[in-house]
Amino acid sequence: MHEYSIVQALLARVEQEARARGASAVLRVRVRVGAVSGVEPELLACAYEFFRVRTLCERAELNIDRVEEQWACQACRTTVERGAVLICPRCGAPARLTQGDEIMLERIEMEVP
Amino acid sequence: MCQSCGCGDAEIVALDIHDKVLAANDRMALHNRGHFAQRGILALNLMGSPGAGKTAIVEATSSALKGRARLGAVSGDLATDRDARRLRQAGVPALTITTGAACHLDAAMVHRALDSFRSAALDIFVIENVGNLVCPAIYDLGQAANVVALSVTEGEDKPLKYPPIFRAADLVLLTKIDLLPHLPGLSVAAFEESLSHVMPEPRIIPISARTGEGISDWIDWITDRLAASSAVPSPQGEQQT
Ligand SMILES: Nc1nc2c(ncn2[C@@H]2O[C@H](COP(=O)(O)OP(=O)(O)OP(=O)(O)O)[C@@H](O)[C@H]2O)c(=O)[nH]1
Ligand SMILES: [Mg+2]
Ligand SMILES: [Zn+2]
């Protein structure tokens, strides 16, 4: 379950940012997780509950925004349906994932005394 | 807030970060990539299910390339040293990266292992990832290419069920094809079809480590990559430690 490692990387980054700004606590952490990033939001939330204890994020809510998978032609940008053969129906060029593989830390809200 | 005693409300500060959660791993992977480039080593991240035939591929590759290219390897393993020992027996300098509870390798683990290969003259470095179709796909290790081993007995639907790892693959080695005659209804074409839904430019080489079938196609693929990796000097070549 790599969601544990992901959460550890997430907490390390958030703590680093929060400390650099003298925060006493983090109140909210917002992440974006793509539908085909390989990360399960439920497992991520579960791992977060476990690891946030006794960190600056102890009281911080984790908000996970899910991003849909989208494919488009590399050449002419025509949308290629998810689940279809990943070839452009118009020009035959291979498709490219335009969104849905991201695992991003978007924003944190913290309390600065 | 009151300046003299610190009483009063704390300020709420929002900070936009907009960066990859695994940015630190990506930086370490870039660093590994520099190591490989500087030494002209082709690094391959070999992934696949438990028992897909990853170690067998490295064994077959080493014997096929004997006298032509020097192989080194690390094997990610939760607890044992079995794979690295098998590879050393096959004449490949190999080490185990014990991952404990982790179901994947990360760039820092590979970097630590690279230290032991400092003085080895190598052309190809195979990173045999932990047997798993989910977790390894997320971590860049600094490889030049991702190779996914998929054995015919796993079934043709695996790419559809585990898209991220196949989307990340530069090559899928369809392994154990000597078993196809025992699997009625399964064909190489069925695997190609399901791959075409998750991999925009599917590249699949059917092989058998048992009979040697297809191994020469795989060796050709490696040789092309080797030529490319030694011809292009990397811009990260000087970021060494
Ligand atoms: N019939 C057949 N069996 C194979 C072939 N390649 C590997 N095997 C068998 O499949 C089993 C697993 O092979 P390994 O090479 O250990 O697989 P692996 O992916 O390295 O396994 P883990 O590292 O444990 O995940 C062994 O019993 C091998 O003998 C093949 O081409 N044909
Ligand atoms: Mg193995
Ligand atoms: Zn097109």
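If you're wondering where the values come from, they're calculated on a predicted model, not measured in any experiment.

A word on the overall build of chain A. Within chain A one finds two helices and six strands. Element order for chain A, N to C, with α for helix and β for strand: α-β-α-β-β-β-β-β. Taking 13 Å as the expected radius of gyration for a compact globule of 113 residues, we find that chain A reaches 18 Å, considerably beyond that expectation. The buried share among the 113 residues of chain A stands at 48%. By sequence separation, contacts in chain A at least 24 residues apart represent 70% of the contacts at least 6 residues apart. For chain A, the exposed area adds up to about 5,700 Å²; of that, 46% sits on carbon and sulfur atoms. Here chain A carries 15 positive and 17 negative side-chain charges, and the mean point of each set is 5 Å from the other.

As a further point, take the coordination of the magnesium ion (ligand 2). Residues and elements named next belong to chain B. All of the protein donors around the magnesium ion (ligand 2) are Thr55 (OG1), Asp83 (OD) and Glu128 (OE); their distances to the metal are 2.0 to 2.1 Å. In primary-sequence terms, the residues that donate to the magnesium ion (ligand 2) follow T-x27-D-x44-E. Here Glu128 lies in strand E5 (residues 124–128) and Thr55 lies in helix H2 (residues 54–64), a separation of 73 residues in the sequence. The class for Glu128 is buried, based on a relative accessible area of 3%.

What follows concerns the site of ligand 1. Residue and element names in this part refer to chain B. Looking at ligand 1, there are 18 residues lining it, with Lys54, Thr55, Asp83, Arg86 and Asp178 nearest. Gly51 has a polar backbone atom sitting 3.0 Å from an oxygen atom of ligand 1. One of the side-chain N or O atoms of Arg210 is found 3.2 Å from an oxygen atom in ligand 1. If ligand 1 stood free it would expose 650 Å²; the protein chains cover 73% of that surface. Every element with two or more residues in the shell around ligand 1 is listed here: H2 and helix H3 (82–89). When residues in the shell around ligand 1 are grouped by element, the largest group, three residues, is from H2. Split by residue class, the shell around ligand 1 holds five nonpolar, six polar and seven charged.

With that out of the way, let us pick up the packing of H2 of chain B against H3 of chain B. All names here are of chain B. The interhelical angle for the contact between H2 and H3, taken along N-to-C directions, is 15°, at an axis separation of 10 Å. Comparing their axes, H3 and H2 come out roughly parallel. The hand of the H2/H3 crossing is right-handed. Each of Thr55, Ala56, Val58 and Glu59 in H2 lies in contact with H3, whose residues at this interface are Asp83, Arg86 and Leu87. Grouping the constituent residues of the contact of H2 with H3 by class yields three nonpolar, one polar and three charged.

Another point: the coordination of the zinc ion (ligand 3). Residue and element names in this part refer to chain A. Donor atoms from the polypeptide that bind the zinc ion (ligand 3) are Cys73 (SG), Cys76 (SG), Cys88 (SG) and Cys91 (SG), placed at 2.2 to 2.4 Å. The coordination sphere of the zinc ion (ligand 3) comprises four donor atoms, whose angles at the metal cover 101 to 126°; the geometry is tetrahedral. All donors of the zinc ion (ligand 3) belong to a single chain; written as a sequence motif, their spacing is C-x2-C-x11-C-x2-C. Judged by its relative accessible area of 0%, Cys73 falls in the buried class.

The subject of this paragraph is the confidence of the model for chain B. All names here are of chain B. Residues at a pLDDT of 70 or more form 92% of chain B, whose mean pLDDT is 92. Taken together, the stretch residues 234–241 has pLDDT below 50 and engages in 14 contacts with residues farther than four places along the chain or on a different chain. As a predicted assembly, this complex carries a pTM of 0.93 together with an ipTM value of 0.94.

Rules and cut-offs
Residues numbered from 1 in each chain as written. Chains lettered and ligands numbered in written order. Predicted model: local features only at pLDDT ≥ 70, side-chain atom pairs only at ≥ 80, totals over all residues. Heavy atoms only, no water. Helix = DSSP H or I, 4+ residues; strand = E, 2+ residues; numbered from the N terminus. Rg over C-alpha atoms; globule rule 2.2 N^0.38 Å. Buried < 20%, exposed > 50% of the residue type's maximum accessible area, 1.4 Å probe, protein only. Contact = heavy atoms within 4.5 Å. Areas by Shrake-Rupley, 256 points an atom, 1.4 Å probe, with all protein chains shown as cover. Lys, Arg positive; Asp, Glu negative; His and termini not counted. Charge placed at Lys NZ, Arg CZ, Asp CG, Glu CD. Donors = N, O, S within 2.8 Å, 3.2 Å for Na, K, Ca; no water. Near = heavy atom within 4 Å. Polar contact = N/O pair within 3.5 Å; in protein donor to acceptor, adjacent residues only side chain to side chain. Nonpolar A, V, L, I, M, F, W, Y, C, P; charged D, E, K, R; others polar. Axes fitted to C-alpha atoms, helices over the stretch in contact; angles between N-to-C directions. Parallel < 35°, antiparallel > 145°, perpendicular 65-115°, else oblique. Left-handed = near helix turned anticlockwise from the far one by under 90°. Tetrahedral: all angles 85-135°; square planar, octahedral: opposite > 155°, others 65-115°. pLDDT = per-residue confidence, 0-100.

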